[in-house]
Each structure stands twice: as C-alpha cells, then as structure tokens.
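Here is what each chain is made of, one letter per residue.
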Amino acid sequence: MRFILPVGLIATTLAIAPVRFDREKVFRVKPQDEKQANIIKDLAKTNELDFWYPDAIHYVAANMTVDFRVSEKESQSIQSALDQNKMHYEILIHDLQEEIEKQFDVKDIPGRHSYAKYNNWEKIVAWTEKMVAKHPEMVSRIKIGSTVEDNPLYVLKIGKEDKRRKSVFMDCGIHAREWVSPAFCQWFVYQATKTYGKNKIMTKLLDQMNFYVLPVFNVDGYIWSWTKNRMWRKNRSKNQNSKCIGTDLNRNFNALWNSFPDTNNPCKETYRGPAPESEKETKAVTDFIRSHLKSIKVYITFHSYSQMLLFPYGYTSKLPPNHKDLAKVAKITTDVLSTQYETRYIYGPIQSTIYPVSGSSVDWAYDLGIKYTFAFELRDKGKFGFLLPESQIKPTCKETMLAVKFIAKYVLKHTS
C-alpha cells in the first residue's frame, strides 16, 4: 500500500525548505554623481536588490559606497546596465552560497562552547545556563520578556548586588543576519568573568559597575537566519494586510519613529512596524531599560558591518548637547580598538557618518536620558559583509573588548 502524505503537509514541508543563494552576487558600486545614484535607484525598481550597505534604497546618494545582493538571473542585466552607464563597480562576492558555506572555517570542539565559532540559539541558551552555574556569585540570568514565537529574551547581569552601582546595558543581534554581533556578546561575558581578579581594568569595572548583556535581541529572526534564510534581517511578526513578515527592530523605537515615509512598507527590510514599540522584543528591552534608568549610564548596541562607531543623532542633523564629549570618547575608543590589529574604524553622529535613521535604539536611549549611547558596526568593510568567516571572530572580539572597556572606564570616571 502506498503511503500518501496529506497535501497540506507536503505544501508546508516544501514551503519551509531553506533558501539557497547559488551564484548570487554582491556588487559594490560607487555612484559618482546624482545621475548615477538615480540609475541604481531605477535598477532597484525593476530588480530584486537586497541592500547590504546602506540598508535601504532611499539612502543611496552620490559618492557613497553601495553594496547590494542580486540573484544569478538578474546579475547579468545589472552588470550590463552598470557597464552601459560607465559606472565603477566591483563584485565583492561571486557565489553567495559558497561564501555562506565557507563561513564555518573553525573546527568544532565537541562538548565545549566555542567562542571562536558562530553558535545557534539552542547553544546560546545552554551557554547562558552554564555561565550562571559557573559564576553564581557574579552572573545572573533575567528573563525580560519573550518574542512573537514565544522564545525567551534573556539578559545576563554581570556584577554584584547593589542598587547604587552604575551600569552598562549592551545588546547584540538586533538584525538577525549580523552573526558576529551575538558572538561578541558571548565573548564579552566569557572574558569579563574569566579575567575578573586577574585583569586590573576588568576587576575595577566589575567591582564598581554592573553589565546587563542581551546576547540576542532578535531571537526569532536569528533562529530563522540559521534554519531557513541566512540573509534574514527583521523579526518574525506577522503584518496586518500583508503577506510580508517582520519588522526592523532598529526602526521600532520611539525616536521620531514615523519621520521617514520609506519605512512604512511591511515588505521592506527597514519596515518600522505599525507603531513605536509595537514589537514584543522592543517593548521588553525598553521596559527593562526604563525600569533600570537610574543606574544605566551607558547603552551600547552591536551591529555589523562597516567598522564604525556611531552616536546620536540618526533622526536629525542637530548635534546632541554633549556632542564634544561623545566625539572625544569615540575618537579615543577607535584609537584603542586599533592598537590590537590596526583595524581602522571611523566615528561620528549616525546621520552624517552613515545615513539618516529614525526609530533607532541609540537615539531612543539618548533621549531617555542615557548620555553615552553608541552603536558599533563591527568587521569588516565589505569583503565578506554579513558572512564574516569564523576565523575573524576572535580578533574582532578582542579588539572590540578593548573598546568597550575603555568606554565603561571613561563613563565610570566621568558620571555621577
């Protein structure tokens, strides 16, 4: 007797096969003038372009480096359009699927949590338990909420019990495909606990401050990027009257939330959501920060890629009152970061350094009253983009650790 699967089951099984990116390309174009910038915008209207940098079409401008992914089918016509218009371009990635597979270039050590590898959500949850068990006097795990798909949002608190202490809030993985970001949050917790009592600066910081670390902000999206679509960015919430899934959590904060009309399309990567803090993930984080506002002196969020250290504002070209201080801290931080491997970062306000952004966590935290808010765009500058090989995790984390320690040390000394 033949076994017949119900049609519905076949459909769902087929529907959820992981997306493959065979022979997809990533182009880098530098439009020389407005006319060339408009050519890219026109190409985006007729082709499926996934913008890696900047993260949406409307930011494309003259003299800006523009990175985008394109399917095998469309790459030919894109190439001839660029050639025809005598535009300067290079192909950063010739076969995206190949690069995805080449990311995992560090050997796994069975039975051990590897900080030099990308870890899926399951491994990260197990790791949070392990950190608490290993350092019960120093690490505690707080469930600050849950996601649309009912996954827990965990914050690890590192430091002693004392309400008067200053604290730092850090989050990683707000955009699902930026895998090196959660890798850094894990590394930070590991190094902080391991070097306490050995490293002078770390010991001083943990004696006087608490660190709240959210290793993965966008848990559902992160899981999806591991299981179904490596290039996924948004969360996984359903949108009313649209087949398109997900909100860009870094456009969902109440910081001039609706000021850019281009963020109101649910099918776009930068969709801001139906209202500020509409997303369970955003709400959990904002509630937690608001309830700890007295102690939080620093907010740092980690993204990739492009090697930048950014601070407010993104939604306006107006500079914040303590701009000089923020610029000074950012300058020294990028200098400190470069001492390890000579990795060069640029720094500045979000709007003039990358592009205008509304609804971002950095602007929201600053306007809430946290006077030191920063966003790191980690390695690299585009050779691998979101697909940074595992062999670069450790060096990325080591140099970023120096940077974060400097910011914390500065704020500890300069805030009341």
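Residues numbered from 1 in each chain as written. Predicted model: local features only at pLDDT ≥ 70, side-chain atom pairs only at ≥ 80, totals over all residues. Heavy atoms only, no water.

- The protein carries the name Carboxypeptidase A3 in an unreviewed UniProt entry, which gives Prolemur simus as its organism.
- Of the protein, the UniProt comment under Cofactor (unreviewed entry) reads exactly: "Zn(2+)". (UniProt positions renumbered as here; feature names shortened; annotations may be inferred.)

**With respect to the nonpolar core**
1) Next: Core analysis: the biggest nonpolar cluster contains 124 residues, and Phe 188, Phe 211 and Phe 376 have the highest contact counts within it.
2) Next: Here this core gets eleven residues from one element, more than from any other, and that element is helix H13 (residues 393–414).
3) Next: Excluding its chain neighbours within four sequence positions, the residues that come into contact with Phe 211 are Leu 156, Lys 157, Ile 158, Val 168, Met 170, Phe 188, Met 202, Leu 205, Leu 206 and Ala 408. (Core = buried A, V, L, I, M, F, W, Y, C linked by side-chain atoms within 4.5 Å. Buried < 20%, exposed > 50% of the residue type's maximum accessible area, 1.4 Å probe, protein only. Helix = DSSP H or I, 4+ residues; strand = E, 2+ residues; numbered from the N terminus. Contact = heavy atoms within 4.5 Å.)

**Structural notes on unusual backbone geometry**
1) Next: In this chain, Tyr 53 is followed by Pro 54 through a cis amide linkage whose omega measures -10°.
2) Next: With respect to the secondary-structure elements, Pro 54 resides in the loop between strand E2 (50–53) and strand E3 (66–70).
3) Next: Residue Tyr 313 is bonded to the preceding Pro 312 through a cis peptide linkage, with omega at 5°.
4) Next: Relative to the assigned elements, Tyr 313 resides in the loop between strand E10 (308–311) and helix H10 (323–341).

**A closer look at the packing of H10 against H13**
1) Next: Following both chains from N to C, one finds H10 and H13 inclined at 145°, their axes separated by 8 Å at the closest point. The interaxial crossing formed by H10 with H13 has right-handed handedness. Counted together, Asp 325, Lys 328, Val 329, Ile 332, Thr 333, Val 336, Leu 337, Thr 339, Gln 340 and Tyr 341 of H10 and Pro 395, Lys 398, Glu 399, Thr 400, Leu 402, Ala 403, Phe 406, Ile 407 and Tyr 410 of H13 form the full contact between these two elements.
2) Next: Across the contact of H10 with H13, the residue classes break down as eleven nonpolar, four polar and four charged. (Axes fitted to C-alpha atoms, helices over the stretch in contact; angles between N-to-C directions. Left-handed = near helix turned anticlockwise from the far one by under 90°. Nonpolar A, V, L, I, M, F, W, Y, C, P; charged D, E, K, R; others polar.)

**Quick word on the state of the cysteines**
1) Next: Under the counting rule described, the total for this entry stands at two disulfides.
2) Next: For Cys 172, the disulfide goes to Cys 185, at an S-S distance of 2.1 Å. Between Cys 172 and Cys 185 the sulfur-sulfur dihedral comes to about 80°; the bridge is accordingly right-handed. Separated by 13 residues along the polypeptide, Cys 172 in strand E7 (residues 166–172) and Cys 185 in helix H6 (residues 180–195) bring together distant segments of the chain. Neither residue differs from the other here; Cys 172 and Cys 185 are each classed as buried. (Disulfide = S-S within 2.5 Å.)

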